[in-house]
Amino acid sequence: MKGLRNNEHLKTESASMAKIKHCSLGVTALALAISLAACGGGSSGGGEADEDSSSGFSVTAVTPADGVSGVEPDAALTASFNKDLLASSIDSIELTKNNGVRPANVPVSTRIDTASSVNIQPDEPLDILSEYTVTMTPDFSDSSGSPLSEAFPWSFVTRDGDWEQAGLIDSGTATAKQPGIAVDYDDNGWAMWLKEDSLTGNFNLIGRYYNAEDGDWEPQTLPLNSDETSSVSKPRVAVDLAGNAIVVWVQDDAVYARAWEVGSAADESGWSAVEKISGSEPVNDRTFLQVKFSGNNSARAVWLEGDAGTTVLASNNYWAPNAQWTGARSGPDLDIQDTSLAITDFAADNRGNAILLWVNSDEPSLPELENRVYATRYDADARDWVSTNSLETHSLTGEARKPKIVFDNQGNAFAAWSRTGDDFFSRLYVSHYDADSGAWSGSTRIMGARADSVGRFPSVAVDLQGNAMVAFEGGEMYVTYYRSDEAEWSGAQEIADYAATGLNDIVFDEDGNATLVWVKKEETARNIFSIRYAAVTESWDSPKRIESGGGGDAAQPVVGSHWGGSPITVWEDAGRIYTNRFSAE
């Protein structure tokens, strides 16, 4: 399997299209007239006009040619005919986008270029990496009123976009670290990171807003934490589809938050007042913290309270219409043995349900050995955490690490994690939660091409059709796919060569195209690379370095997108924060 397959309508052709393609294979320009007579229609490859006035009305050439890829989104679409055109019939042309979750007719304007050719102009530029079909309906007529004998369609695929120039987005020479970003549907977004105060040595929370309409970053904010006498840790930011944002962080053994409403000033003055959202129990600055929006005008922040062995899951819900936090609540007692490990992830679906993925050992004295992956589920209807399940059905050896989880639009969830074996090499495991049955699929081990190391540092994303993709490092960069219609995982596919640390992040756009970023070692430097998956062709392009300059020590790449076509990535390099944006134009 090369990749995720598209909708079935991308795999079939209309009867007339199949007939035209079959008859035009191997046709030379000299034999074109004979071919046209046999096919009962025109060529879609750009042939010569039929000079015989007694022949039927037909298409002789189209631009772009049928089946071509890499077409510019604003390319001219033209069709030529063997006879002059009836001007009143040229509106009988349809342009359809075939791929994605919302295939649709595209509004066009038409005009006669010459007496026997027509220009078709889409009202807006076409989407990148998309298949379009232009169809001349049978109402299309020559100047005498004779119509085409049948509909004449032809198809093409638009080109991909490209990364812009990478740039520095934090100001000042003091150390910056722990970047994160969240983006709305229109590709606006908030980047957050920690910046050292050169006088006190404390780290403050800094934000910067990307304005997609202006195509530029707004000025960097002043510290968003009002108390600068102690350091901030664990900054996390979330943005909903409309562009509203929430940022949370840990400071002085407590969780704090601020909210930003879309349309407010894109600086510290546009954010709400700092609010403590944790309860009376202390919050360790090494512990887990996350915040996610749901689709029901709410967001949920989750964190862990207590010490090792007495860990409690705590949360607070933000209700956007009233701009209020509903109050900290203690959830189930998880008894996690080592809260400093990178062993937890959290996701929320568009109905307000949520799942916390975490790792714990049955042996308190050796928390790092033979631990197990668990999923604790929050039910929005019950307004409570309702169940905890182990995802691992295989015999356990070694240590589970780096769990990741994501929901699809139907409330199903996909989890991935790595586990070291007795040989100390990592293996990748995946699992699927079915919302209808409320059950997990158990664990599936994904094998790669290398027997010694086949799965570390997973990242997971899901498209709007419920297909999932997990990217991971196994010496090289690999992916595995979950097809929603087949309900199973594929084997591992190598998509790029050596990865330095394997740290990576992946997102989908609404058409099922994916963007992956990761750290790659080149000689003595560590650089940020990206690779793109095209759903319409079921293929990956070539890896591309997307940063230049910096300190050659790039780390922690994060990519933000909310189904939009222009994801933004941020990363740390030698104590500074850099960014690049993928342009869909």
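Residues numbered from 1 in each chain as written. Predicted model: local features only at pLDDT ≥ 70, side-chain atom pairs only at ≥ 80, totals over all residues. Heavy atoms only, no water.

### Notes on the sheet that holds strand β19 (residues 275-276)
Part 1 of the argument: Across the sheet, four strands lie side by side as β16-β17-β18-β19; this open sheet has antiparallel pairing. One side of each edge strand has no neighbouring strand; the edge strands of this open sheet are β16 (233-239) and β19.
Part 2 of the argument: As paired elements, strand β18 (residues 254-260) and β19 share two bridges and run antiparallel to each other. Bridging from a neighbouring strand, Ala257 pairs with Glu275 of β19. (Pairing = 2+ DSSP bridges. Helix = DSSP H or I, 4+ residues; strand = E, 2+ residues; numbered from the N terminus.)

### Comments concerning the sheet that holds strand β3 (residues 77-81)
Part 1 of the argument: The four strands lie next to each other as β1-β3-β7-β6, forming an open sheet whose pairing is antiparallel. At either margin of the open sheet sits one strand with a lone partner, and together these are β1 (59-63) and β6 (108-114). Across the sheet, the mean angle from the axis of one strand to that of its neighbour is 20°, orientation sign disregarded.
Part 2 of the argument: As paired strands, β6 and strand β7 (residues 117-122) are joined by six bridges and run antiparallel to one another. Paired with Val108 across the strands is Pro122, a residue of β7. (Axes fitted to C-alpha atoms, helices over the stretch in contact; angles between N-to-C directions.)

### Considerations on the pattern of salt bridges
Part 1 of the argument: With the rule as written, the count across this model stands at 18 salt bridges.
Part 2 of the argument: Between Arg581 and Glu164 there is a salt bridge, and its shortest N-O distance comes to 2.8 Å. Of the two residues, Arg581 is situated in strand β46 (residues 576-583) and Glu164 in the loop between β10 (162-163) and β11 (167-168); the sequence distance between them amounts to 417 residues.
Part 3 of the argument: Assessed through its relative accessible area of 11%, Arg581 is described here as buried.
Part 4 of the argument: Here Glu164 falls in the partly exposed class, since its relative accessible area comes to 37%.
Part 5 of the argument: Asp170 is the partner of Arg576 in a salt bridge, and the nearest nitrogen-oxygen pair spans 3.2 Å. Pair noted here: Arg576 is in strand β46 and Asp170 is in the loop between β11 and β12 (176-183), with a separation of 406 residues, a long-range link.
Part 6 of the argument: You can call Arg576 buried: its relative accessible area is 18%.
Part 7 of the argument: When salt bridges with common partners are traced through the structure, they connect Lys97, Asp127 and Asp511 into a single cluster. (Salt bridge = Lys/Arg side-chain N within 4 Å of Asp/Glu carboxyl O. Buried < 20%, exposed > 50% of the residue type's maximum accessible area, 1.4 Å probe, protein only.)

### Re the nonpolar core
Most often, soluble globular proteins have nonpolar side chains that are buried together.
Part 1 of the argument: Counting 22 residues, the largest nonpolar core has Phe81, Val118, Met136, Phe140 and Trp154 as its most contacted members.
Part 2 of the argument: Counting only elements with at least two residues in this core, the list comes to β1, β3, β4 (93-97), β7, β8 (131-136) and β9 (152-158). (Core = buried A, V, L, I, M, F, W, Y, C linked by side-chain atoms within 4.5 Å.)

### A look at the side chain of Asp349
Part 1 of the argument: By the secondary structure assignment, Asp349 is in the loop between β25 (344-348) and β26 (354-361).
Part 2 of the argument: Arg351 is the oppositely charged side chain nearest to the buried, salt-bridge-free Asp349, at an N-O distance of 4.6 Å.
Part 3 of the argument: What Asp349 contacts, discounting residues up to four positions off in sequence, is Ser294, Gly295, Phe407 and Gly411. (Lys, Arg positive; Asp, Glu negative; His and termini not counted. Contact = heavy atoms within 4.5 Å.)

Fair warning: the whole summary comes from geometry, so function is off the table for now.
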